[in-house]
Amino acid sequence: MRAQPTTPPREGDGSSPLRRGAAAPRPPWLRPLAAAAAAAAALVALALLGPVAMVAVGKRSAAACLASIEAPRGPALPDCRPALRWFALPSRLPWTRAAASALAEELGARAAIAGYVDAAVGRPERAALAGATEAVAAAEAAVASGSARVTLDALGPACGAPRLGREAARLGDRRTLLAQPDRWADWHVRVRTLRAALAEGDVERAIAIARGYATMDPRDEDLRTTTGAVLCLGDGAEAKRGVELLTLNQHDRASKRHAGMARNWGEVRAVLVACAARAGVEPPPMPEAPEAGVADAVEARLAQRARLAAAAGEGAAGARQRAMRAIRDLLGSAAALAPGARRDLLAVVLAGDDAIDAAEAAALALPEADGDEPAAGESGAAASDTATDTATDAASAAPAGAAAALRAGSPLAIDWLPERGLARPVIAGSIRARAAARAAELAAAPQLSPPERDTLRAAAGALALDAARELALEGDAPAAIDALDRHGSLAQALAPEPARALARSSAWLLAGDRGRALDAIERVDLAAAPPSLRAAVLLQRAELLASLGRRRDAARAAVLADEEAAARGGRAAREAAERPDLDLLDARARWTRLALARAPDAAPLPQGSPPARLPEDLSAAWPWVGFARPDAPWARADQPAFSRALASWSAARDAPPATRRALRYVALRRRGDAPPALVPYAALAAQLLGDGEGDPEVWLDAFLALDAARFSLRHHAFARAEAARWRGDDGSAAAWQRRYDALRAVAADPTRAEIARYLGL
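Residues numbered from 1 in each chain as written. Predicted model: local features only at pLDDT ≥ 70, side-chain atom pairs only at ≥ 80, totals over all residues. Heavy atoms only, no water.

(A) Molecular detail of the nonpolar core. Counting 183 residues, the largest nonpolar core has Trp-591, Trp-622, Trp-649, Trp-699 and Phe-703 as its most contacted members. Of all the elements, helix 4 (residues 97–122) adds the most residues to this core, at 12 residues. Each residue touching Phe-703, except ones within four places of it in the same chain, is listed here: Trp-649, Ala-667, Arg-671, Tyr-681 and Ala-685. Listed in part, the 41 residues of the second largest apolar core include Ile-327, Ala-347, Ala-358 and Ala-439. (Core = buried A, V, L, I, M, F, W, Y, C linked by side-chain atoms within 4.5 Å. Buried < 20%, exposed > 50% of the residue type's maximum accessible area, 1.4 Å probe, protein only. Helix = DSSP H or I, 4+ residues; strand = E, 2+ residues; numbered from the N terminus. Contact = heavy atoms within 4.5 Å.)

(B) Representation of helix 30 (residues 696–703) within the structure. Burial of helix 30 is extensive: 8 of the 8 residues sit out of reach of the surface. Here helix 30 has its buried residues at Pro-696, Glu-697, Val-698, Trp-699, Leu-700, Asp-701, Ala-702 and Phe-703. The N-terminus of helix 30 is capped by Asp-695, whose side-chain oxygen sits 3.0 Å from the backbone nitrogen of Glu-697. (Polar contact = N/O pair within 3.5 Å; in protein donor to acceptor, adjacent residues only side chain to side chain.)

(C) Layout of the packing of helix 22 (residues 497–511) against helix 24 (residues 531–547). With their axes 10 Å apart at the nearest point, helix 22 and helix 24 run at an angle of 25 degrees to one another. Overall, the two elements helix 22 and helix 24 adopt an arrangement that is roughly parallel. In this structure, helix 22 meets helix 24 at a crossing whose hand is left-handed. Listed contacts from helix 24 to Pro-498, Ala-499, Leu-502, Ser-505, Ser-506 and Leu-509 of helix 22 are Leu-533, Ala-536, Val-537, Gln-540 and Leu-544. Partitioning the contact of helix 22 with helix 24 into residue classes produces 8 nonpolar, 3 polar and no charged. (Axes fitted to C-alpha atoms, helices over the stretch in contact; angles between N-to-C directions. Parallel < 35°, antiparallel > 145°, perpendicular 65-115°, else oblique. Left-handed = near helix turned anticlockwise from the far one by under 90°. Nonpolar A, V, L, I, M, F, W, Y, C, P; charged D, E, K, R; others polar.)

(D) Up close: unusual backbone geometry. Geometrically, the link from Ala-599 to Pro-600 is a cis peptide bond, its omega value of 5 degrees lying close to zero. Tracing the backbone shows Pro-600 in the loop between helix 26 (579–596) and helix 27 (641–653). Of note, the phi angle at Ala-148 is positive, near 60 degrees, even though the residue is not glycine. Along the chain, Ala-148 turns up in the loop between helix 5 (126–145) and strand 1 (151–152). Although it is not a glycine, Ala-297 adopts a positive phi angle of roughly 55 degrees. Its place among the elements puts Ala-297 in the loop between helix 12 (266–279) and helix 13 (298–311). Look at Ala-297 and you get buried, because its relative accessible area is 6%.

Quick look at the structure:
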């Protein structure tokens, strides 16, 4: 094998080692020095970046732990505080101090809030709820003295910084709100505190709290009005102070606009006049030439004037005549009144004006005016309420035909519960009963034409049902039933015997005698009744059976009621005037069936419903149905959310405990959409708690805290008492019944009637 030739190095090209020169050997001490420098650089990098990494790891760990609280889990609340160790060292170093301190502060605050919410939702317990307030108060103080942030958003969805009063109001924790009422600085928390005292049926305590708030000279309009109205429930000095506060609001609403918005002041005026009467002082004059809000609630104020004039006796005969003349002028000149207001004002005239004749009564009951003609607005320029109010503001009058005002209302007990506000006049049941008798008497006058006679007879029947409702709400069931038996059959809606039997049952139910309420409809022959009436009777029967502990019978009755309500669509449902009522009946029947029927005894959902299955994403388990909206999207045929919601509820109560716990947290964020069927809704929500999983009353306080403001306090107390009876909790039922009775006693007092209605009693 030949050797390859090699090229010898040439001089001057630098390739010869002899020419380049040999490399100098490294000193032996250089290598340890380089290693030391590298180690020092690594230590510096670790010192600088290590705390940053610790903050990042701690943030991820804390966020994951907090997220697990509302995920399916066991009964023990995850303890996220150990994640604080990741922020201990970084919070002492200048380059990570701000971030680590903020995250540690937020973790402590969120953990405190989570413990409070868990005591109401995760594992509801009264003692745990009371104990968790200390941690929230400590976290509130820590944030206030630290970053002073108002929003926490680094470790989860944005939420407000901890404030004990706000959290207590959000969770319906009335005990905490009432324990330290003067501690709360937020006006809305103070309003909720006053409502909490009223919800407990403790009017004296509410007055005492309002007395303290009044000394602080409340500037917020809603707080000032609520404080003044609560003070008006008292007498003497409290009522006089209430007059002062309400006078300020009356003039502010009449003269001030805020961002182009103005608030009407008619309801405030009605409360102010009632308060002045209780205080024994003259009410201040009405605002002259108001530039902002208008004096609405004219119907309620006209009825109030007539009542106050009648209470004044013979010395106020002239004022009484002027009040009656104003009501007659309104009834004769305006056909567009708030729903039911024509019957209310007609009751005042028939019961209080003996000089009215049959022909005039018939004309006032059903004038020949255009049913769509709005009433003229009230100028509000009168010097006082002794001036004649002859019309109502168009904004406060719902366009409706006058004939619809003579249609009798619903005989269902749930429809008899009072609403909030003064949209309709407040008239005692005895006055309504006297008006019904007067209308029936005038209907027999020989000079009347057949249409006039039919008009007065229809008015007498509708007034009799109104009287029964008010008397039942006052607790006088025998008088309510007497009014029904005397004149109820004159109303077309009450002509069938099952309808009057249902009304009698409602009277006994609201008066507190459920045994007699069931007997009133137990043996009624429903063979000839229309489907809607059969559904209503069966629905109330199911509710009464559940209240009396007969759960299987109640489930069967609820299924029958739902089937009848679904079958009512062929005939009466086509009438536009009755369609909303029938849709509402159908919705109530479906909620009641779901709350009472359980497989295998009865099917909780009708055939054709979506399957009872929860979505993979539990946050979508409770679709928004729209019960809280006036246009009622739940009643539209193309709106499937209602059926999906019922299917989710059916699946939720049969889910494992860990899933139900997560669903309770989801429900807490999706509140505000409670249906008008509040009793089955509360009963169904209680079924998200299994045996031994917590106190249903604590959970329902939190679940209904937002929705409760949409209903009157008596409606809420009645619903909670009934829901407790449905699940066999006699102690809770008795407590809520006591509250209902206390609220009823206040509302039944004629001198406090408008005040109670305004406060939502």
